[in-house]
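The primary structure of each chain is shown beneath.
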Amino acid sequence: MKQLHRRWTGRAGRWAAALHGLGDRLAQRRPLWMVTLAIDETNLSEGLRAACAASAMLALGLLFDHPDFSWAAIGAFWTCLADAAGTRRMRFVSMLGFGLLSTFAGGVAALAAGHGVAAAALAVLVFSWAGALARIWGAASAQVAILAATACVVMVTHPLQSAAQALPFLAIYLFGCLFATLLSFTVWRIHPYGPSRQAIRSAYLRLAGIARDNARYLAQADAMAGAGAHGASYRSQARAALEAARVALAAVPPARAGNSALFDNLLLALSDAERIFAYLIAVTHSCERERQRLRHDPRARRSLEAMALLLRRLGLALRRQPETPPLLLQRRLAACGRRLEAALGALLPLRLNVEFMQLDLPRAERLPWRQAAAQALSQGWYTLRGNATLQSLGWRHAARVSLATTTGFLLVELLHIPFGYWATMATLLILQPSVSTTWPRGMERVAGSILGALLAVLIGLVIHTPLAISLVVFPLIVATMALRRVSYSLHVMFMTPAFVLVADYAMPASEMAYALSRLGNNVLGCVLALLATFFLWPDREADDLEPRLAGAVSANLKYLLAVLAAGGKWDPTIARQRREAGLASNNAEQVLQRLRIERRLDRSAGVGLAALRTLPLLRRVAGSTARISLSPDAAPATPVLQQWIAAVGGEIDALLRGDREVPAPGDCQATDLSPLQADAVAQVLMLRILLRQQLGATALPGSSSGP
């Protein structure tokens, strides 16, 4: 079995590489306004594990001629979905906990349904409320609880009259859950360093995306519309991937991390990724400044394309063989950096294997099982008490979800809508705490359901026997699980025919009827979720754009000041401030995006318009700062220049706090500025003038003159 597992894992790696290549080719052809698919997040090994677990249950049902094993297949699939990434203990608790919790909730709901619609509605109300409330305990708890609530709203359509009738049915369902858990921790085990290796690989692939995006930018005949925002999205994704890799490495148990060459290699790879990220930010700035010259020189574009390919290969090598440092690929990447440096005409050396990164994350103490469980229960009770109030966002969200889901259940019961549990399931899964997250998720689910319904109809035209259904369900579940982190629409698209075929396995009927019912019920569930979001205690994202914008400006100017004071010296303090500046800019951009989705940007007065123009300019400030930090010829700035930038930072901070009459410092009086320092001063001056104009401050004295 282990040899079979290795064989499938190797094939999964090759298939994933092929998918990544396809994603690159698609990325080169898609317009900028389209949503970027995270094709590198494809996990075929996870998909194969779930498909093996579910298909094995269908095979047993075929062997024993027992249609109820379709419920075991569904339980196995849901158990794989409930697998929370993290330590082996966390994964085991989440999967086993889901199996037991969903069996209990589903059994109670099925027994309640056997005693009338009122009892069934009460069960749906209670369990959907509990599933949504679990969000207050974190993402892992919410994932398990909402899936258990999903089992409840599905099993309520399978009424049971007595405990004697329920036990065999629930035993079969629980068997599927336990089989998937056993498969995940025996034959299909995840390596202890698996999550961190995958996270670091994703970070390198995001860095490759920045290099590839710069190459496309230089290849365009004219400046691309929205290129600044598009480039910012790549940088935002790269920063998020680096943070995820940092968290994944910090989650490695100290017993495995200590004196481990593999852990050291991964930590050094993450340190290199941070340095490459700073390098690519500086390269992006240079490409924007010198675009007119560089677009006629193909050397820079070819170097960036080669760098993207090498970064992708580095990510794959670190995932497959992290115990062996990829020195050859690193040397080739450094050589590519020298060619790019010559093409750009700027001093931007790319240095790797320089230093280890400080994770700056507290390592959780690994406690014994009983002590850890007692501590988790104590913390959970304290969190529940803190949220047991109508002012709690988590409490209001749980009430909204339970009322909307129960309303959907009563509606489909009243109208006798076939397969109505798909509507209640869609409502339960789509509803998010705010409008800005519910709306896009609902649209993605509708789009995925439409495509999935069409796919189910096409499959149903040629597939009719239980054996054929079992065989076809396998690749569908592989795609469903492998693509769930790539795109929610793709996840739903393949999940729809998988569920249709499993339902057909238990109760043979027209695939067209199943598919159309699935589509219609999903649309109904989306409508109910959106209505609940807008009319039941609507919680919108906090309009904290002003402090987020102020934090982003302050963090970027602090980063600039630190780099100017140190010159071209690289130290952990500068790396930490660069990270804080990037995170602050990302946070402000996310708030701005949510306000735009909720159509509340105009309510932010001048701050909203200021943010639209300021955040892209902050990215340029960060690019100019990165160039200084990487330049070997950079010298520390004079005290006069540092004092002026600090004064401008204080002025901007006062403006963003609402002080429109803040006195403005004069122009920069520093002399003998280097070209890089002059560029940074020009960016800061543009930022200062822009904010004064957008926020309605009094005119700048002497603002027409430059530094």
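## Here's the deal with unusual backbone geometry
Peptide bonds are trans in most cases, and residues, glycine excluded, mostly fall at negative phi.
Inference 1: Despite not being glycine, Asp65 shows a phi value in the positive range, around 55°.
Inference 2: You will see that His416, though not glycine, has its phi angle at about 55°, which is positive.
Inference 3: Owing to a relative accessible area of 68%, His416 belongs among the exposed residues under this scheme.

## Topic: the environment of Leu266
Inference 1: For Leu266, the position within the fold is in helix H11 (residues 261-289).
Inference 2: Placed 53 residues apart in sequence, Leu266 and Arg319 show a C-alpha to C-alpha distance of 9.3 Å.
Inference 3: Excluding residues within four positions of it along the chain, Leu266 makes contact with Tyr193, Ser196, Arg197, Ile200, Leu249, Leu318 and Pro322.

## Looking at a positive patch on the surface
Inference 1: On the surface, Arg313, Arg332, Arg338 and Arg339 cluster together to form a positively charged patch.
Inference 2: Of all the elements, helix H14 (residues 327-344) adds the most residues to the positive patch, at 3 residues.
Inference 3: Relative to the helices and strands, Arg313 is located in helix H13 (residues 298-320).
Inference 4: Since its relative accessible area comes to 37%, Arg313 is described here as partly exposed.

## Section: a nonpolar patch on the surface
Inference 1: A contiguous nonpolar patch, built from Trp439, Met443, Val523, Val527, Leu531, Phe534 and Phe535 and spanning about 650 Å² of accessible area, is present on the exposed surface.
Inference 2: Elements with a minimum of two residues in the nonpolar patch: helix H18 (435-460) and helix H21 (511-535).
Inference 3: Note that Val523 resides in helix H21.
Inference 4: Exposure remark for Val523: the relative accessible area of 34% places this residue in the partly exposed category.

## Some words on the pattern of salt bridges
Two side chains that carry opposite charge are able to pair once their charged atoms sit near each other.
Inference 1: Counted according to the given criterion, the structure contains 13 salt bridges.
Inference 2: Taking the shortest distance from any N to any O, the salt bridge between Arg216 and Asp213 comes out at 3.7 Å. Note that Arg216 and Asp213 are positioned in helix H8 (residues 194-219) at a spacing of 3 residues, about one turn of the helix. Each of the two residues, Arg216 as well as Asp213, counts as buried.
Inference 3: Between Glu589 and Arg619 there is a salt bridge, and its shortest N-O distance comes to 2.8 Å.

What counts as what
Residues numbered from 1 in each chain as written. Predicted model: local features only at pLDDT ≥ 70, side-chain atom pairs only at ≥ 80, totals over all residues. Heavy atoms only, no water. Buried < 20%, exposed > 50% of the residue type's maximum accessible area, 1.4 Å probe, protein only. Helix = DSSP H or I, 4+ residues; strand = E, 2+ residues; numbered from the N terminus. Contact = heavy atoms within 4.5 Å. Patch = residues over 30% accessible without salt bridge, like charges linked within 9 Å, V, L, I, M, F, W, Y side chains within 5 Å. Areas by Shrake-Rupley, 256 points an atom, 1.4 Å probe, with all protein chains shown as cover. Salt bridge = Lys/Arg side-chain N within 4 Å of Asp/Glu carboxyl O. Lys, Arg positive; Asp, Glu negative; His and termini not counted. Charge placed at Lys NZ, Arg CZ, Asp CG, Glu CD.

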